Amino acid sequence: MLLLWSLVLGVFVGFIRGGTIAGLDQLEIRHLWLVPLALVIQAQILFYPMLFQGNLFLPWAPEIFHFFSYLVLAVFVGLNWKLWQIPFMGTGMTLNVIVIAANGGYMPSSVASLIRSGDFKTAYYLTHQKTYGNVIMMSDSTVLDFLGDWLYLPNWFPFSTAFSLGDVIIAIGLVFFFGLGMVDEVTE
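Overview of the structure. Throughout this description, residue numbers start from 1 for each chain and increase along the sequence as written. The predicted origin of the model limits local features to residues at a pLDDT of at least 70 and limits the giving and counting of side-chain atom pairs to 80 or more, whereas totals for whole chains, interfaces and linings rest on all residues. Based on all heavy atoms of the structure, the side-chain values leave hydrogens and waters out of the count.

## Some points on the side chain of Thr 142
Looking at the element boundaries, Thr 142 is found in the loop between β3 (135–137) and β4 (151–152). Of note is the side chain of Thr 142, whose polar atom sits 2.7 Å from the backbone nitrogen of Ser 139. Here, residues are in contact when the closest pair of their heavy atoms is within 4.5 Å. Those residues within four positions of Thr 142 in sequence are excluded, and the remaining contacts are Asn 103, Pro 108 and Met 137. By definition, any uninterrupted DSSP run of H or I lasting at least four residues is a helix, any uninterrupted run of E lasting at least two residues is a strand, and each is numbered from the N terminus. Counted as a polar contact is a pair of N or O atoms within 3.5 Å, where, for protein atoms, one must be capable of donating a hydrogen and the other of accepting one, and residues adjacent in sequence contribute only when both atoms are in side chains.

## Details of a nonpolar patch on the surface
Think of a patch as exposed residues, more than 30% relative accessible area, with no salt bridge, where like charges cluster within 9 Å and nonpolar side chains (Val, Leu, Ile, Met, Phe, Trp, Tyr) cluster within 5 Å. In these tables, accessible area is a Shrake-Rupley quantity obtained with a 1.4 Å probe, and a residue counts as shielded only by the protein chains included in the view. Salt bridge, as applied in this entry: a Lys or Arg side-chain nitrogen positioned within 4 Å of an Asp or Glu carboxyl oxygen. Nonpolar side chains collect at one region of the surface, where Ile 98, Val 143, Leu 144, Phe 146, Trp 150 and Leu 165 lie side by side and expose about 490 Å² of accessible area between them. Tracing the backbone through its elements, the reader meets Trp 150 in the loop between β3 and β4.

## Some details on the packing of helix α1 (residues 2–16) against helix α7 (residues 165–181)
Axis definition: a line fit to C-alpha positions, over the contact stretch in the case of helices; interaxial angles, taken between N-to-C directions, run 0 to 180 degrees. Two elements in contact, α1 and α7, have axes separated by 7 Å at closest approach and are oriented at 25°. In this view, α1 runs roughly parallel relative to α7, as classed from their interaxial angle. For the pair α1 and α7, the sense of crossing is right-handed. In this structure, α1 uses Leu 2, Leu 3, Ser 6, Leu 7, Leu 9, Gly 10, Val 11, Val 13 and Gly 14 to contact α7, whose residues at the interface are Asp 167, Val 168, Ile 170, Ala 171, Leu 174, Val 175, Phe 178 and Gly 179. Should an angle lie under 35 degrees it is considered roughly parallel, over 145 roughly antiparallel, and from 65 to 115 roughly perpendicular; all remaining angles are considered oblique. In this scheme, a crossing is called left-handed if the near helix is turned counterclockwise away from the far one by less than a right angle; it is called right-handed if the turn is clockwise.

## A look at the nonpolar core
To define a nonpolar core, start from buried Ala, Val, Leu, Ile, Met, Phe, Trp, Tyr and Cys residues and group those joined through side-chain atoms within 4.5 Å. Summary of the burial criterion: residues with accessible area below 20% of their type's maximum are buried, those above 50% are exposed, and those between are partly exposed, where the area comes from a 1.4 Å probe applied to protein chains only. Leu 24, Ile 86, Met 89, Met 93, Phe 177 and Phe 178 are the most contacted members of the largest nonpolar core, which totals 23 residues. Those elements that provide at least two residues to this core are α2 (34–52), α3 (62–79), α4 (85–102) and α7. The next biggest cluster of nonpolar side chains, apart from the first, holds nine residues, and it includes Val 111, Leu 114, Tyr 132 and Val 135.

## Regarding the sheet that holds strand β2 (residues 131–132)
Pairing within the open sheet is mixed, and its three strands lie in the order β1-β3-β2. Of all strands in the sheet, those with a lone pairing partner are β1 (107–109) and β2, marking the two edges. Here β1 runs beside β3; their pairing, made up of three bridges, is parallel. Counterpart to Ser 109 in the pairing with β3 is Met 137. Note on pairing: two strands pair once DSSP finds at least 2 bridges between them.

This is the structure in structure tokens:
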């Protein structure tokens, strides 16, 4: 949810700077449809088991689809490399892919950070099942745990959950993308 809040902050900054959402048209973003495709894949992996105790479209190998969603995002970044914010966000995605690959296709998440953020449901599932959608419980055997989901917003923050350093970089990129991109005179 950090990314959602950074998107809201970026739009807010864009409006304060006198920009409009229509100002994003000038950026000439190529193949934007790839982003929602990747997000739908990731959301399906993560949220469907929470709601319905199983995977609707991805009954097997969620880790493969998790990698595929990042591959889709990498294609989007490659097609839009001229907008500096997008490769910047790509750096955060790369950090996430590294830790996901090192841990068998799952993002390691700290149960303590989930509890501190108020995300008790995910913490419960990880404690009892060790994996949950595209997330695995952080343990002594976790590889590159410092790149996993161990940061968090306070539990009084709406929709708070644990997030990674890669997510922080993506969030900063989103704030700059919307904050600068919505203003007509700033294009690249």
